[in-house]
Amino acid sequence: MKEEILRHLCKSLGKDAAHSSVHDWRVALSLALRDRMVDHWFRSTRETYETRAKRVYYLSMEFLIGRLVEDMAANLGLVEEARAALTELGQDYDAVVLNEPDAALGNGGLGRLAACFMDLLASLGIPAYGYGIRYEHGLFKQDFVDGRQVETAETWLTQRNPWEFERPEVQFRIGFGGHVDHHDGKAYWHPWETVLATAYDTPVVGWQGKWGNTLRLWSARPASKFDLESFNRGDYLAAGRSEALARTISRVLYPDDTTEAGKELRLKQEYFFTAASIMDLLRRFLSDHDDIRELPQYVAIQLNDTHPAIAGPELVRLMSDEHNLPMDEAIELARRCLGYTNHTLLPEALERWHVGLLGRVLPRHLEIIRAIDEDQQARHPGSPRILEHDHVHMGELAFIMAHKVNGVSALHTELVKSTVFSDLHRIHPTRIVNQTNGITPRRWLHTCNAPLSNLITREIGDGWVADLEKLKALNQRTGDREFLDAFSAAKRQNKTELADWIAQTCGIAVDPDAMFDVQIKRIHEYKRQLMNILETVALWNEMRDAPDAEWTPRVKIFGGKAAPGYHVAKQIIHLINDVARVINNDPVTGDLLKVVFPANYNVTMAERLIPAADLSEQISTAGKEASGTGNMKFALNGALTIGTLDGANVEIREHVGSENFFLFGLTAREVVERRHVHGYARAAIEASPRLSRVLGQIADGQFSPEDSSRYHGLVGGLYDHDYFLVTCDFDSYFDTQRRADQVYRNGSNWAAMALRNTASMGWFSSDRTIRGYARDIWQVDAVDRAGLE
Ligand SMILES: CCc1ccc([C@H](C)CC(=O)N[C@@H]2O[C@H](CO)[C@@H](O)[C@H](O)[C@H]2O)cc1
């Protein structure tokens, strides 16, 4: 490994070891690791062709990958070899791997799930491609200025990306706009604008590197040559116009994760990568099959939410317009290839494009969508329509064009059946299935939490990394004092390291013996970071009222970005920072309570915070969080959850045992009922002296003396609307937090409960999730290659 790193440093980067930066060493290491992957990759690709195996295509607008170097080294079993090689070369392995920028090609849960799935598809040896967009700029960089979020462009590609292979030979012409001619029964689409989609491939090897799949990300290029004539005329802007226009399509990730942008560029992005992906998989299929009617036997396409839903009409277009299949047969064939995963019930997140906009950008597809609607009506009169009120409803399109639709947790799937798709569910009672989310145990325990990972491996061997259900054996140890101490020591080591990082990064001193209470996720009203900070102020009040009482010291840690246009979410960020400033400088409460909100939460920060957490905040309004995946990561790393019966919390609590979970709050059904009670929020506030005191302090500007009316709107909103029932769940949340305090003070109990959580999280490996998709949706075999020689 040492020679390979040196060779790349000198030969690939042209750098002399004596004058190389951490960046150079990191790229050299990455190239050396990449070399070790390509053989597995080629062999897997060859084998898939030889065995004519069915391929899975995962279409996603987002892949929230994070850093890759550590993950690749771990999957190849080369961590120690790489660490030794760098040490011999006088370099610090940890500094080198942390130098890598996050590939932040996603907003949150949906994007990270796609990244976890890619790891599992390779580890299970399922031939698969991930298809997405190679954004030049991923999710924005977040900074706090006077406590407010400010966004700046993310720049991961300004540095060389050592993992990708550019594929200039893999290019597709993607059309937009124009018109459609119809003659002799055929349709001819004449796009007005064309861009080139160019492929960039990143190999994805699974655990123990026995199989390699491909993540193919598309980059937009101008289809037309450089306009030298304009240039010579000195009209430089005109000369660069087509280039700039084309690149705009893959320039930046839309930072909204719950509100559909409804912007033309977003629609173009969705069609751009979807069309290139469909054309690419069809080309691959037709390279060794000549009857397109066999497609469903060899191709399974999974739509990661509605963002690639245009895949249905695009497949039908190619089958009917270019392969001359009758429309209804094309529709049926496409349906047998397609699966659709729904990730949210929030009405504002369900995509619906104005028929004018979609017709202008994709005139042929609008015709086909009309045909699909008629086909559905013919088969199921009265069925919900795709085209309604001048809008194309992408949820209905995805549902009607898929042979299987799935939710991402048991509760969510039931709500999908009983709310958003209740009518379609009645017509197609077997189409909706559940596939509860999962996480990859490699990144989210083995790689990010060495103290606990090593302890577990010492105790039960390392079989758990490939088969997480093996953690169950740890349940025997919940009464073993010595093991519990070792378990607590691992947590304490992570907390100490995090305390050092917080001191450096945020300039705040925190006590590793305090309870580390962590809420990290996108900022959104339904995730109720607001309720968390209100509880924090209430606790602060009571600590100040009785400073000598027996309090459990707490460190409240927040992390998360708000969509730039989401005003209320930005207000919540500002309030958390304002409250932190007051509490962290309060001599009365001192080390009893600290509030920490490091800026620019991302995958790498999650890998740092989760291993050090004691308490995991999963406090969404019941019925709103489709699943959550952070909740699984925390429990796996030995944190206890305080949470509502929402999303996958329900199943986590079933697996870890209700006695090892701090449950509070209204259920999803009670939430719906409470909304019918007039003035429920005001009533709840008036019934809670604790809450009304806190709201008074905030409204009076106690935390914003420089702008006392800053939170009038926010507090007023709680009195008058409180759509997410912060007021109604506040007291039970506060009481449950106090219960957690009690338990935490009895360390051994807490450790035993935490160990039960870790031991019971095997089911939440995305190993189980992917096996479910393979069995129920894709009809492919999951061959566990990890153990194969
Ligand atoms: C059109 C804008 C937009 C962009 C992204 C989204 C995603 C669906 C939002 C998302 O990330 N949903 C999360 O998906 C996770 C993976 O299934 C779940 O665990 C989370 O509960 C869900 O909020 C909606 C709307």
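Bear in mind that the values here come from a model prediction, so they are computed numbers and not experimental data.

Asker: Go over the domain arrangement of the protein chain with me, naming the residues and quoting the values.
Answerer: Entries for the protein chain in the domain assignment read domain 1 (1–51 + 68–101), domain 2 (54–67 + 102–142 + 209–219 + 247–437 + 771–787) and domain 3 (441–764). Put simply, the middle of domain 1 and the middle of domain 3, counted by C-alpha atoms, are 37 Å apart. The interface of domain 1 with domain 3 comprises six residues on the first partner and six residues on the second. Our enumeration of links across domain 1 and domain 3 arrives at one salt bridge. Put simply, domain 1 and domain 3 have zero residue pairs in polar contact (both at pLDDT 80 or more) between them. Looking at the side of domain 1 that touches domain 3 residue by residue, the classes come out as three nonpolar, one polar and two charged.

Asker: Help me get a handle on the sheet that holds strand β16 (residues 391–393), residues and values and all.
Answerer: If you walk across this open sheet you meet the three strands as β14-β16-β15, and the pairing is antiparallel. At either margin of the open sheet sits one strand with a lone partner, and together these are β14 (352–354) and β15 (387–388). Sheet analysis places β15 next to β16, joined by two bridges and oriented antiparallel. Looking at the pairing, glutamate 388 lines up with histidine 391 of β16.

Asker: Residues and numbers for the pattern of salt bridges, please.
Answerer: The final tally for this structure, using the stated rule, is 69 salt bridges. Between glutamate 351 and arginine 266 there is a salt bridge, and its shortest N-O distance comes to 3.9 Å. Of this pair, glutamate 351 sits in the loop between β13 (338–341) and β14 while arginine 266 sits in helix α9 (residues 264–287), and the two are 85 residues apart along the sequence. For the pair formed by glutamate 351 and arginine 266, the shared burial category is buried. Glutamate 314 serves as the salt-bridge partner of arginine 317, at 3.0 Å between the closest nitrogen and oxygen. On the criterion of helical spacing, the pair formed by arginine 317 and glutamate 314 is a turn pair, its members being three residues apart in helix α11 (residues 311–322). The class of arginine 317 is buried, set by a relative accessible area of 8%. What emerges from the salt-bridge pattern is a single network uniting Asp517, Glu535, Arg554, Lys556, Glu617, Arg738 and Asp741.

Asker: Kindly report on the confidence of the model for the protein chain, identifying the contributing residues and their values.
Answerer: It should be kept in mind that the predicted coordinates are not to be read in detail where pLDDT is low. When the pLDDT values of the protein chain are averaged, the result is 96; 99% of them are 70 or greater. Our summary of model confidence lists the complex with pTM equal to 0.98 and ipTM equal to 0.99.

Asker: Now, about the site of the ligand: what can you tell me, with residues and values included?
Answerer: Residues in contact with the ligand amount to 20 residues; listed here are only the nearest, His343, Asn437, Glu625, Ser627 and Gly628. Histidine 343 places a side-chain nitrogen or oxygen 2.6 Å from an oxygen atom of the ligand. A distance of 2.8 Å is found between an oxygen atom of the ligand and a backbone nitrogen or oxygen belonging to glycine 628. Here the ligand has 570 Å² of accessible area as a free molecule, and 96% of this is covered by the chains.

Asker: Describe the nonpolar core, listing the residues and the values that go with them.
Answerer: Counting residues in each nonpolar core, the largest one holds 246 residues, and the members touching the most others are Leu29, Ile174 and Ile301. Ranked by the residues each element gives to this core, the list is headed by α9, at 11 residues. Sequence-distant contacts of isoleucine 174, defined by excluding residues within four places in its chain, comprise Glu193, Thr194, Val195, Ala197, Tyr271, Phe272, Ala275, Ala276 and Met279. Judged by nonpolar contacts, the second largest core, of nine residues, contains Ala622, Tyr680, Ala684 and Leu725.

Asker: Before we move on, can you summarise helix α28 (residues 689–699) with the specific residues and values?
Answerer: Within the sequence span of α28, burial applies to Leu691, Val694, Leu695, Gln697, Ile698 and Ala699. As for α28, its buried residues are in contact with α21 (529–545), α22 (567–583), α27 (680–686), α29 (712–720) and α30 (726–745). Where α28 terminates, the next one or two residues include glycine 701, which has phi positive at roughly 85°.

Asker: Mind laying out the pairing of strand β17 (residues 404–407), listing which residues take part and the relevant values?
Answerer: Judged by which residues are buried, β17 turns out to be covered on both faces: Lys404 and Asn406 on one side and Val405 and Gly407 on the other are all buried. In this structure, β13 lies alongside β17, joined through three bridges in parallel fashion. For tyrosine 340, the partnering residue across the bridge sits in β17 and is valine 405. As defined by bridge partners, β17 adjoins strand β18 (residues 432–434) across three bridges and the pair is classed as parallel.

Asker: Give me the lowdown on the packing of aromatic side chains, citing residues and values where you can.
Answerer: Under the criterion given, the structure shown has 26 aromatic pairs. Ring geometry for tyrosine 57 against tyrosine 131: centres 5.7 Å apart, planes inclined by 15°, an arrangement best described as stacked. Highlighted residues: tyrosine 57 in strand β1 (residues 55–59) and tyrosine 131 in strand β4 (residues 128–133), separated in sequence by 74 residues. Residue tyrosine 131 is classed as buried on the basis of its relative accessible area of 0%. Taking the centre distance of 5.0 Å and the plane angle of 40° together, the rings of phenylalanine 664 and tyrosine 733 count as tilted. Of the two residues, phenylalanine 664 sits in the loop between β24 (662–663) and α26 (668–675) while tyrosine 733 sits in helix α30, which places them 69 residues apart along the sequence. Given a relative accessible area of 3%, phenylalanine 664 falls into the buried group.

The rules behind these values
Residues numbered from 1 in each chain as written. Predicted model: local features only at pLDDT ≥ 70, side-chain atom pairs only at ≥ 80, totals over all residues. Heavy atoms only, no water. Domains from an automatic or database assignment. Contact = heavy atoms within 4.5 Å. Salt bridge = Lys/Arg side-chain N within 4 Å of Asp/Glu carboxyl O. Polar contact = N/O pair within 3.5 Å; in protein donor to acceptor, adjacent residues only side chain to side chain. Nonpolar A, V, L, I, M, F, W, Y, C, P; charged D, E, K, R; others polar. Pairing = 2+ DSSP bridges. Helix = DSSP H or I, 4+ residues; strand = E, 2+ residues; numbered from the N terminus. Buried < 20%, exposed > 50% of the residue type's maximum accessible area, 1.4 Å probe, protein only. pLDDT = per-residue confidence, 0-100. Near = heavy atom within 4 Å. Areas by Shrake-Rupley, 256 points an atom, 1.4 Å probe, with all protein chains shown as cover. Core = buried A, V, L, I, M, F, W, Y, C linked by side-chain atoms within 4.5 Å. Phe/Tyr/Trp six-rings, centres within 6.5 Å; stacked < 30°, edge-to-face > 60°.

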